[in-house]
Amino acid sequence: MNIAIFTPSKNPYSETFIQAHKHYLKENIYYYYGSGSQLHLEGADGFRSSHKITPLKIKRKLLRKPYTFINEQLIVNSLKANKINVVLAEYGTHANKILSVIKKANLPLVVHFHGFDASIIKVVENNNNYKELFQYASKVIAVSRKMTQMLLELGCPREKLIYNVYGPWPEFLKVEPKFTKKQFLAIGRFTDKKAPYYTILAFKKAAENHSDAKLIMAGDGQLLNTCQNLIRYLGIESQVEFVGIITPEKFRHLLTESLGLVQHSITAESGDMEGTPVAVLEASAAGIPVISTFHAGIPDVIKNGETGLLCEEHDVYGMAANMLALLENIELAKEFGRAGKENILKNFSMERHIQVLQKTLSECNKNL
């Protein structure tokens, strides 16, 4: 089976789930990234060569087709030349962009939603609530129970929906936490739905009587400067460190010495929501308790009071109390961590995630 994976951009650092699909699917993978005139096929330097484009330019003029004809026909020809059997489109928005091309190629389409594409109000409206996409798609994948319900409400047929939470990379299961520092770790883009300022405020409250406590914040984004200003205002520069974008190896090292992962996810004013945060899965796989919120797919994975501690969205005092519980009881953190690793191994492994995706793609190919 030859699988074409379509993504909006090439290997963004925060989209480890797409890299996992490329790496672990046990078939021939053709990775198309970008869109329009910027669409490319990884490993195919001649994808947009002049000898392929020039005949299409002539054909477009003769048939009086719009300029989009060239890019669309280029993709159709490539899909046929590579004998693609099934297409996996990452993000509902990107699936909508390539829908007309996939229709022309007459290929089965599996659409993988991830978060914002199913939740931001304007995004959903601009995509006409995905009506045409849901009609054509063979299967639609949701990464949380909340997302499953949202897609049903948008009109996705229940029989097409597949609930399939991500899995952490296996390397995270090899982490052996030492719980050597009173250190919390936050990782992810500094965006509205991750509300990093709430994490800082909660840490400030929790660490009032723990001057040796520390918060490491990794990532980048539009709210980074706001958060840097906030810690200066609160006078906790010595306790909060911003380390920028880090590698998975660095993340695993920080997990080894940390007390817990903290993330105060909320539903943004735009409607933007998480799917199921990969960092939450990875931290739990590493044996580190997760302190977060009852948001999107997080409670699907984190068992409150068993593998971590959750509070309601915007509840800074609740999150602070949960941080304090670990600061004052290292054994509780260890207990949550052990239970979390066991939960991931049993229910949310990468192997399980890929098996579900593999089966879905295979069935769509057979049903063509």
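Scroll up for the structure.
Worth saying up front: this structure is predicted, and the values here are computed from it rather than measured.

K.L.:
Whenever I open this one, the sheet that holds strand β3 (residues 40–41) confuses me. Can you help?
P.N.:
Within a sheet, neighbouring strands are paired by backbone hydrogen bonds and run either parallel or antiparallel to one another. Read across the open sheet, the 7 strands follow the order β3-β2-β1-β4-β5-β6-β7; overall the sheet is mixed. Each edge of the open sheet is held by one strand with a lone partner, namely β3 and β7 (161–163). Pairing geometry for strand β5 (residues 109–112) and strand β6 (residues 139–142), over 3 bridges, is parallel. When the sheet's bridge partners are listed, V111 is paired in β6 with V140. Here helix α3 (residues 68–81) sits on the sheet in contact with β1 (2–7), β2 (28–33) and β3, set at roughly 150° to β1.

K.L.:
So what exactly am I meant to see when it comes to helix α4 (residues 92–105) here?
P.N.:
Think of an α-helix as 3.6 residues a turn; residues three or four steps apart then line up on the same face. The end-to-end C-alpha distance of α4, which contains 14 residues, comes to 19 Å, matching closely the 20 Å that a straight helix rising 1.5 Å per residue would cover. Taking the largest bend as the criterion, α4 deviates by roughly 55°, centred on I98. With its phi angle positive at about 55°, N106 sits one or two positions after the end of α4.

K.L.:
Whenever I open this one, the environment of F116 confuses me. Can you help?
P.N.:
Relative to the helices and strands, F116 is located in helix α5 (residues 116–119). What makes F116 partly exposed here is its relative accessible area of 26%. Placed 157 residues apart in sequence, F116 and M273 show a C-alpha to C-alpha distance of 5.8 Å. Setting aside anything within four residues of it in sequence, one finds F116 in contact with Y91, T93, V123, K193, D272 and M273.

K.L.:
Got a minute to help me understand the nonpolar core in this structure?
P.N.:
Generally speaking, a soluble globular protein has its nonpolar side chains buried in company with each other. Core analysis: the largest hydrophobic core is formed by 127 residues, its most contacted members being F6, L79, F113, L151 and F184. Setting aside its immediate chain neighbours within four residues, F184 contacts F203, K214, L215, I216, L259, G260, V262, I291, M323, L326 and L327.

K.L.:
Which parts of the structure should I look at to understand a nonpolar patch on the surface?
P.N.:
Residues I58, L62 and L63 make up a contiguous nonpolar surface patch of about 330 Å² in total accessible area. Among the structural elements, I58 can be located in helix α2 (residues 50–63).

K.L.:
Would you mind going over the pattern of salt bridges with me for this structure?
P.N.:
Oppositely charged side chains can form a pair if their charged atoms are brought close together. Evaluated as defined, the whole model comprises 12 salt bridges. Salt-bridge contacts for K104 lead to E72; the nearest nitrogen and oxygen are separated by 2.6 Å. Of the two residues, K104 is situated in helix α4 and E72 in helix α3; the sequence distance between them amounts to 32 residues. Residue K104 is classed as partly exposed on the basis of its relative accessible area, which comes to 45%. Among the salt bridges present, the one from R252 reaches E249, with a minimum N-O distance of 3.7 Å. Here the residue R252 and the residue E249 both occupy positions in helix α11 (residues 248–257), the gap between them amounting to 3 residues, near one helical turn.

Criteria and cut-off values
- Residues numbered from 1 in each chain as written.
- Predicted model: local features only at pLDDT ≥ 70, side-chain atom pairs only at ≥ 80, totals over all residues.
- Heavy atoms only, no water.
- Pairing = 2+ DSSP bridges.
- Helix = DSSP H or I, 4+ residues; strand = E, 2+ residues; numbered from the N terminus.
- Contact = heavy atoms within 4.5 Å.
- Axes fitted to C-alpha atoms, helices over the stretch in contact; angles between N-to-C directions.
- Expected span 1.5 Å × (residues − 1).
- Bend = angle between axes of the 7 residues up to and from the residue.
- Buried < 20%, exposed > 50% of the residue type's maximum accessible area, 1.4 Å probe, protein only.
- Core = buried A, V, L, I, M, F, W, Y, C linked by side-chain atoms within 4.5 Å.
- Patch = residues over 30% accessible without salt bridge, like charges linked within 9 Å, V, L, I, M, F, W, Y side chains within 5 Å.
- Areas by Shrake-Rupley, 256 points an atom, 1.4 Å probe, with all protein chains shown as cover.
- Salt bridge = Lys/Arg side-chain N within 4 Å of Asp/Glu carboxyl O.

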